[in-house]
Amino acid sequence: KMVEDDVDVDRVSEEIEIKVQAKVQGAKEKGSVLRQVASIDVAQRQITLKLVEVPNTHIFAVTPPGSECVRFFTERHSLPLIIQGPSAGADSTASALLAELLSHMRSKVGPRFNAISRPNSMNKLPV
């Protein structure tokens, strides 16, 4: 059972806030910050998500708000491959969807007339 019947729901957020602030302060005293870190272990077929302390100099600590950072550990590279960029906000999502739509449409548009083409329809067009 996740929640007891006699839990005061209004106090839960206060209690969580107190615990989180204590963790933030503890990390700060160690020269660290808290970050949510997801990990995917392909070999073990396991996904985890944890709130962890990372040093102030770690890539996860210096990644600006509104950005994402992914590290890939592979057998091919001795150091992790790091990809960092903006999170998918409304603008990024709309831009990505438009780019994907345009990419799909390129395969449907005739090369010379920019008209939607059907199989063998280009054979009937004047040259």
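Asks: When you look at the overall build of the protein in this model, what are you seeing that I'm missing?
Replies: Along the backbone of the protein there are three helices and four strands. A buried classification covers 9% of the 127 residues belonging to the protein. When contacts within the protein are restricted to residue pairs at least 6 apart in sequence, those whose partners lie at least 24 apart make up 9%. Accessible surface, the protein as shown: approximately 11300 Å² in total, 57% of it carbon and sulfur.

Asks: Got a minute to help me understand unusual backbone geometry in this structure?
Replies: Both trends apply: most residues other than glycine have a negative phi, and most peptide bonds are in trans. The backbone phi angle of R45 is positive, close to 55°, even though this residue is not glycine. Its location among the elements puts R45 in the loop between β1 (32-41) and β2 (46-55). When its relative accessible area of 79% is taken as the criterion, R45 is described as exposed.

Asks: Looking at this structure, I do not really get the side chain of S32. What am I missing?
Replies: Structurally, S32 can be placed in strand β1. In contact with S32, other than residues within four places in its own chain, are A27, E53, V54, P55 and N56.

Asks: What exactly am I supposed to notice about the nonpolar core here?
Replies: Proteins that are soluble and globular tend to have nonpolar side chains buried together. Counting residues in hydrophobic clusters, the biggest one holds five residues: V37, V54, F60, A61 and C69. Among all residues touching F60, those that are not within four sequence positions of it are R35, V37, V54, C69 and R71.

Asks: In this structure, what is going on with the packing of aromatic side chains? I would like to understand it.
Replies: Each aromatic ring pair is specified by the distance between its two centres and by the angle formed by the two planes. Inspection of every chain in the model, using the stated rule, returns zero aromatic pairs. The ring of F60 is capped by R71, whose NZ or CZ atom sits 5.1 Å from the centre of that ring.

Rules used throughout
Residues numbered from 1 in each chain as written. Predicted model: local features only at pLDDT ≥ 70, side-chain atom pairs only at ≥ 80, totals over all residues. Heavy atoms only, no water. Helix = DSSP H or I, 4+ residues; strand = E, 2+ residues; numbered from the N terminus. Buried < 20%, exposed > 50% of the residue type's maximum accessible area, 1.4 Å probe, protein only. Contact = heavy atoms within 4.5 Å. Areas by Shrake-Rupley, 256 points an atom, 1.4 Å probe, with all protein chains shown as cover. Core = buried A, V, L, I, M, F, W, Y, C linked by side-chain atoms within 4.5 Å. Phe/Tyr/Trp six-rings, centres within 6.5 Å; stacked < 30°, edge-to-face > 60°. Lys NZ or Arg CZ within 6 Å of the ring centre and 35° of its normal.

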